[in-house]
Amino acid sequence: MKTPALPMIERVLFTEEQVRDRIREVAAEISEHYKDSTLKLVGVLKGSVFFLTALARELTIPIKVDFLAISSFSNHSGSSGVVRIAKDLDEAIEGEDVILVEDIVDTGFTARYLLQNLAGRGPNSIALCTMLDRKSKRIVPLRIDYRCFEIPDRFVIGCGLDYQQLYRNLNFLAVLKPDRH
Ligand code: PRP
């Protein structure tokens, strides 16, 4: 399908087809790795919902899903690294195989905090899967178990990523024009 030309877009990073194909590849890896277990995907509201749904549809194993929401606090130099759970999971994860699903990992503060927090609840295993890795922004070292794409240090929208809560529903990934943010 042709990607529409939209006035706020500088360039398309990954087309709908490229995103779908890559998610399918990662889903195949996950399905193989967890073929003997019932996996729980934990999504972080709101951005990861779109990726989590696309990923879940490509998995060939039984899964459960749950969601949490976080608040993160910024200071004058950007992210302060202070993360708080604003909405917790609905159910316990003790004894379960869990994958934390993120749309993007930047500094790594959010994922590190959540992985530590979830690990403290006694899951059988915990892994991290992110659609996007903006490695150049990383402050805390982090092991990413599953990643679809590494992206440059640009403002990216689509597939769950927003600008002022807009554009999450674009089914491709694009760089927002600098004069639009
Ligand atoms: C994004 C993303 C991660 C976090 C990553 O969420 O979904 O949770 O930022 O950043 P970090 O690696 O620097 O901690 P965002 O705060 O944009 O909220 P949203 O998902 O509701 O858009």
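See the structure above.
Remember, predicted model here, so these are calculated numbers, not experimental data.

**A few points about the pairing of strand E2 (residues 39-45)**
In terms of burial, E2 is largely enclosed, as six of its seven residues are buried. Taken together, the five bridges between E2 and strand E5 (residues 97-105) define a ladder with parallel strand orientation. The residue of E5 that forms the bridge with Gly43 is Val101.

**A look at helix H1 (residues 16-33)**
With 18 residues, H1 extends 26 Å between its outermost C-alpha atoms, agreeing within 8% with the 26 Å of an ideal straight helix rising 1.5 Å per residue. Within H1 the residues assigned to the buried category are Val19, Ile23, Val26, Ala27, Ile30 and Ser31. Mapping the buried residues of H1 onto a view down its axis gives an arc of 140°, with all of them on the same face.

**Some thoughts on the site of the ligand**
By nearness alone, 14 residues border the ligand, and Glu102, Asp103, Asp106, Thr107 and Thr110 come closest of all. The contact in question runs from an oxygen atom of the ligand to an N or O atom on the backbone of Gly47, over 2.8 Å. Here the ligand loses 76% of its free accessible area of 500 Å² to cover by the protein chains. Put simply, the parts of the chain that give the shell around the ligand at least two residues each are E5 and helix H3 (109-119). By residue number, the principal contributor to the shell around the ligand is E5, which donates four residues. A per-class count over the shell around the ligand returns four nonpolar, four polar and six charged.

**Brief notes about the nonpolar core**
For soluble globular proteins, the rule of thumb is that nonpolar side chains tend to be buried together. Ranked by internal contacts, the top residues of the largest apolar core, which has 32 residues, are Ile30, Ile99, Leu132 and Leu173. Only strand E1 (9-14), H1, E2, helix H2 (48-58), E5, strand E6 (125-133), strand E7 (146-150) and strand E9 (173-176) provide two or more residues apiece to this core. With five residues, H1 is the single largest residue contributor to this core. Once residues within four sequence positions are removed from consideration, Ile30 is found in contact with Leu39, Leu55, Leu59, Ile61, Ile99, Cys129 and Tyr146.

Definitions and cut-offs
Residues numbered from 1 in each chain as written. Predicted model: local features only at pLDDT ≥ 70, side-chain atom pairs only at ≥ 80, totals over all residues. Heavy atoms only, no water. Buried < 20%, exposed > 50% of the residue type's maximum accessible area, 1.4 Å probe, protein only. Helix = DSSP H or I, 4+ residues; strand = E, 2+ residues; numbered from the N terminus. Pairing = 2+ DSSP bridges. Expected span 1.5 Å × (residues − 1). Arc of directions from axis to C-beta. Near = heavy atom within 4 Å. Polar contact = N/O pair within 3.5 Å; in protein donor to acceptor, adjacent residues only side chain to side chain. Areas by Shrake-Rupley, 256 points an atom, 1.4 Å probe, with all protein chains shown as cover. Nonpolar A, V, L, I, M, F, W, Y, C, P; charged D, E, K, R; others polar. Core = buried A, V, L, I, M, F, W, Y, C linked by side-chain atoms within 4.5 Å. Contact = heavy atoms within 4.5 Å.

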